Amino acid sequence: MMRVLGVDPGSRRTGFGVVDDQGGRPAYVACGVVVTISGTMAERLHRIFAGLGEVVERYRPDVCAVERVFFARNPDSALKLGQARGAALAALAGAGLDVHEYTALQIKKATVGVGHADKGQVQHMMRALLGLSARPSADAADALACALCHLHESQGLLSRARAISS
């Protein structure tokens, strides 16, 4: 069994989602959001760092998948998002986790089937794929999708390795 922590970094809301791989089938463990709406940027970055540290400590993932962001609406937003990603990556790497990064296109294609799916479609698919009783928040759904993308990618790599070795 492998436990994956998915992270959708944001300067105000950092989503997290935890899933287990149970024999090739994903199983929901938990999801939520580290909220950092108020305070100075330094205080918000510390909350992201500490919040993800608590998530790692509580759920003990084996590996982590983080959304790689490559655009933003304006330079200030891009800088804040980059800082939030840095705080998240530092927390995860500091906890000794192997961190894998995926683009939004890769994540949506692996989980929704469409690379340009909207947030509502991602929420709907996370509910359906993981058997959730309600839609997770948009940030938590993105994080769960990131974790599922990693499971999908790692299973594909394992299948290719088996084919090469036989």
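These numbers were taken from a predicted model, which means no experiment stands behind them.

Let's shift gears to the confidence of the model for the protein chain. Chain-level pLDDT for the protein chain is 91 on average; 92% of the residues reach the 70-or-more range. In this model, residues 157-164 is a region of pLDDT below 50 whose contacts with residues beyond four sequence positions or in other chains number zero contacts.

Once their charged atoms are close, side chains differing in charge can pair, the charge on each being opposite to the other. Here the structure, examined in full by the defined rule, presents five salt bridges. A salt bridge links Asp20 to Arg3; its shortest N-O distance comes to 2.6 Å. Of this pair, Asp20 sits in strand 2 (residues 13-22) while Arg3 is found in strand 1 (residues 2-8), placing the two residues 17 residues apart along the sequence. Comparing Asp20 with Arg3 shows no difference in burial state: the two are buried.

Another point: the packing of helix 1 (residues 41-59) against helix 2 (residues 75-94). Direction vectors running N to C along helix 1 and helix 2 enclose 35 degrees, while the axes themselves pass 8 Å from each other. In the crossing of helix 1 with helix 2, the sense of the turn from one axis to the other is right-handed. Mapping the contact onto sequence places Met41, Leu45, Ile48, Phe49, Leu52 and Val56 in helix 1 and Lys80, Gln83, Ala84, Ala87, Ala88, Ala90, Ala91 and Leu92 in helix 2. Across the contact of helix 1 with helix 2, the residue classes tally to twelve nonpolar, one polar and one charged.

With that settled, the discussion passes to the state of the cysteines. The tally for this structure, following the rule as stated, stands at zero disulfides. Free of any disulfide, Cys31 has its nearest neighbouring cysteine sulfur in Cys146, separated by 14 Å. With no disulfide partner, Cys146 has as its closest neighbouring cysteine sulfur the one in Cys149, 6.4 Å distant. Overall, the relative accessible area of 1% leaves Cys146 in the buried class.

The end-to-end C-alpha distance of helix 4 (residues 119-130), which contains twelve residues, comes to 16 Å, matching closely the 16 Å that a straight helix rising 1.5 Å per residue would cover. Of all the residues in helix 4, the buried ones are Val122, Gln123, Met126 and Leu130. Viewed end-on, helix 4 has its buried residues packed into an arc of 100 degrees, placing them on one side of the element. Backbone geometry just downstream of helix 4 places Gly131 in the positive-phi region, at approximately 65 degrees.

Glancing now at the side chain of Asp21. Structurally, the position occupied by Asp21 is in strand 2. Among the polar contacts listed, one links the side chain of Asp21 to the backbone nitrogen of Gly24, at a separation of 2.8 Å. Excluding residues within four positions of it along the chain, Asp21 makes contact with Met1, Met2, Leu151 and Gln155.

Our focus in this paragraph is the pairing of strand 1. The buried fraction of strand 1 amounts to six of the seven residues, a majority that puts the element mostly inside the structure. Both strand 1 and strand 2 contribute to a ladder of seven bridges, which runs antiparallel. Opposite Val4, over in strand 2, you have Val19 as the bridge partner. In this structure, the hairpin formed by strand 1 and strand 2 is closed by a connection of four residues. As paired strands, strand 1 and strand 4 (residues 63-68) are joined by four bridges and run parallel to one another. Within strand 4, the position partnered with Val4 by the bridge is Val63.

This part is about the layout of surface pockets. Roughly 160 Å³ of internal volume is contained in the second largest pocket. Lining the second largest pocket are Asp21, Gly24, Arg25, Pro26, Ala110, Thr111, Leu129, Leu148, Leu151, His152 and Gln155. Of all the elements, helix 5 (residues 138-165) adds the most residues to the lining of the second largest pocket, at four residues.

Conventions and cut-offs
- Residues numbered from 1 in each chain as written.
- Predicted model: local features only at pLDDT ≥ 70, side-chain atom pairs only at ≥ 80, totals over all residues.
- Heavy atoms only, no water.
- pLDDT = per-residue confidence, 0-100.
- Contact = heavy atoms within 4.5 Å.
- Salt bridge = Lys/Arg side-chain N within 4 Å of Asp/Glu carboxyl O.
- Helix = DSSP H or I, 4+ residues; strand = E, 2+ residues; numbered from the N terminus.
- Buried < 20%, exposed > 50% of the residue type's maximum accessible area, 1.4 Å probe, protein only.
- Axes fitted to C-alpha atoms, helices over the stretch in contact; angles between N-to-C directions.
- Left-handed = near helix turned anticlockwise from the far one by under 90°.
- Nonpolar A, V, L, I, M, F, W, Y, C, P; charged D, E, K, R; others polar.
- Disulfide = S-S within 2.5 Å.
- Expected span 1.5 Å × (residues − 1).
- Arc of directions from axis to C-beta.
- Polar contact = N/O pair within 3.5 Å; in protein donor to acceptor, adjacent residues only side chain to side chain.
- Pairing = 2+ DSSP bridges.
- 1 Å grid on protein atoms, 1.4 Å probe; cavity = no way out; pocket = protein on both sides within 12 Å on 5 of 7 lines; lining within 4 Å.
- Points joined across faces, edges and corners; volume = space filled by probe spheres on them.

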